[in-house]
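Structural description and commentary
These are the residues of each chain, in order.
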Amino acid sequence: MKKLSLTSKILIGLALGIVVGLILNLFASDILFSRIDTWFFTPLGKIFLNLITMLVVPIVLISITLGVVNLGDTKKLGRIGFKTVVFFMVTTSIAITIGLTLATIIKPGNFGTFNSEDLPPYEVTEAPAVVDTLLNIIPTNPIQAMASGNLLQIIAFSILLGLAINVLGDKAAGIKSLFEQANEVVMWLVHFIIKFAPYGAFGLIASAIGKMGLDAFKAMFGYFIVVVLALVIHFFGTYGTSIAVLGKTNPLTFFKKFAPAMSVAFSTSSSNATLPISMDTAQEKLGVPKHISSFVQPLGATINMDGTAIMQGVATVFIAQVFAESLTMMQLVTVVAVAVVASIGTAGVPGVGLILLAMVLGSVGLPVEGIALILGVDRLLDMLRTSVNITGDAACAFIVAKTEGEDMTVPDEK
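Report follows, based on the coordinates. Predicted model only: the values in this text are computed from it and were never measured. (Residues numbered from 1 in each chain as written. Predicted model: local features only at pLDDT ≥ 70, side-chain atom pairs only at ≥ 80, totals over all residues. Heavy atoms only, no water.)

Now for the side chain of Q321. With respect to the helices and strands, the residue Q321 is situated in helix α15 (residues 306-322). Judged by relative accessible area, Q321 falls into the buried class, the value being 17%. A distance of 3.2 Å separates a polar side-chain atom of Q321 from the backbone oxygen of A103. If sequence neighbours within four positions are ignored, Q321 has contacts with A103, T104, K107, P108, G109 and N110. (Helix = DSSP H or I, 4+ residues; strand = E, 2+ residues; numbered from the N terminus. Buried < 20%, exposed > 50% of the residue type's maximum accessible area, 1.4 Å probe, protein only. Polar contact = N/O pair within 3.5 Å; in protein donor to acceptor, adjacent residues only side chain to side chain. Contact = heavy atoms within 4.5 Å.)

Quick look at the structure:
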């Protein structure tokens with residue numbers, strides 16, 4: 001009997017979680033589901049989530065430092081950084097344009113009757129300004145940055161540390177060797193923890209579906225479908241075309257090999273938490289060199305928000321339609337500009353998707369209370385857009401490596 005692959009096991013875990021969650025939501029009492037969720041689903045998902053989140057800071061610190069050391073040439077580092085940022089900014093602009101276009105054509109706000117008068121107030125969390133974020137990239141205390149999980153600051157410190165080790169050469173050979181050994185240890189832990197991914201995916205999905213149920217989905221069917229359609233178009237259209245044209249690779253082969261990371265991202269709804277598995281998959285299955293993967297993917301997990309940008313575009317038009325407000329072409333252009341620029345300013349902020357949406361709505365004079373309309377299905381859509389986000393990170397790393405003429409030989413599967 002053929003042994004199931006990790007991807008198959010994770011997909012089975014996701015499918016079982018969806019089925020069990022729906023059955024409990026439809027037929028079990030609230031008290032029974034609450035007990036099962038508290039004592040089984042939540043601990044199962046939380047343990048797995050904590051295990052992979054535990055590795056995010058060490059893997060970013062170690063892998064980026066080694067990546068900079070192995071690059072050697074600072075000009076090459078600057079060139080890779082430039083390509084990465086340009087790719088993320090362009091694809092984010094395309095993503096939100098797709099969302100705005102589809103929502104304008106399909107008009108999901110006209111699908112049903114929505115009560116826009118008695119919406120609960122939505123408390124807007126103020127996002128830091130773009131300038132403040134750029135100024136705060138350099139940490140005053142690297143240890144504190146690691147303790148708080150501030151990936152931008154960790155990336156900045158790691159780059160400087162790698163440059164120092166590179167410049168010092170033999171004088172820092174011991175530190176370089178220590179980091180190389182630490183990298184082996186961390187990657188072993190990644191391979192060990194990923195074996196529990198099917199069980200973690202089952203617990204996380206069963207809990208989410210069981211709590212959400214079908215009621216919220218039915219009410220927001222039009223909005224949900226438009227967001228999913230935009231995500232699919234961006235996934236296969238933008239990323240698929242980029243991989244085929246710039247990466248000179250069959251996109252379907254790319255997506256198939258990267259599927260384990262996408263399925264974990266779907267269950268966790270967190271780009272940061274998925275980062276160790278995403279990097280490992282890109283390196284082991286796609287052949288992306290470690291020094292490029294370790295720079296591009298952590299940066300992407302922090303500032304690349306294509307899936308979130310799509311949600312913002314659709315949600316903005318949807319809320320405008322519910323409130324019977326018309327958006328001019330200039331306002332639509334403003335939405336694109338604000339979303340792209342703000343994606344840098346809100347990097348690493350918890351609940352970044354809704355914070356960005358509040359900023360976008362405010363920029364075109366729409367009431368932020370409209371966010372309450374989409375909260376019911378946001379959890380499920382968050383799973384989908386996270387999968388899109390991390391795929392964009394991996395696609396960027398793959399394309400950058402290709403354009404740099406790197407050796408893309410895939411390591412032998414163990």
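Going through the model one piece at a time under the given rule, you end up with 14 aromatic pairs. A centroid spacing of 5.2 Å and a plane angle of 45 degrees characterise the contact between Y223 and F318, whose relative ring orientation is tilted. Taken together, the residues Y223 in helix α11 (residues 221-245) and F318 in helix α15 connect sequence positions 95 residues apart. Judged by relative accessible area, F318 falls into the buried class, the value being 1%. (Phe/Tyr/Trp six-rings, centres within 6.5 Å; stacked < 30°, edge-to-face > 60°.)

A few words now on helix α4 (residues 74-106). Because an α-helix completes one turn every 3.6 residues, residues spaced three or four positions apart along the sequence face the same direction. Here α4 contains 33 residues, and its C-alpha end-to-end distance of 48 Å stays within 8% of the 48 Å for a straight helix at 1.5 Å per residue. Of the residues trailing α4, K107 is marked for its positive phi of about 60 degrees. (Expected span 1.5 Å × (residues − 1).)

In the structure shown here, the tally under the stated rule is four salt bridges. Between E406 and K76 there is a salt bridge, with the nearest N and O atoms lying 2.7 Å from each other. On the criterion of sequence distance, the pair formed by E406 in the segment after α18 (371-403) and K76 in helix α4 is long-range, its members being 330 residues apart. By relative accessible area, which is 18% here, E406 ends up buried. In this structure, the salt-bridge partner of R79 is E404, at a minimum N-O distance of 2.8 Å. Of the two residues, R79 is situated in helix α4 and E404 in the segment after α18; the sequence distance between them amounts to 325 residues. A residue is classified by how much of its surface remains accessible, and E404, at 14% relative accessible area, is buried. What you see here is one network of salt bridges that share partners, running through R79, K83 and E404. (Salt bridge = Lys/Arg side-chain N within 4 Å of Asp/Glu carboxyl O.)

With that settled, the discussion passes to the packing of helix α12 (residues 251-268) against helix α13 (residues 271-285). Two elements in contact, α12 and α13, have axes separated by 8 Å at closest approach and are oriented at 170 degrees. With respect to α13, the axis of α12 lies roughly antiparallel. Residues K257, F258, A261, V264, A265 and T268 of α12 pack against T274, I277, S278, T281, A282 and K285 of α13. Partitioning the contact of α12 with α13 into residue classes produces six nonpolar, four polar and two charged. (Axes fitted to C-alpha atoms, helices over the stretch in contact; angles between N-to-C directions. Parallel < 35°, antiparallel > 145°, perpendicular 65-115°, else oblique. Nonpolar A, V, L, I, M, F, W, Y, C, P; charged D, E, K, R; others polar.)

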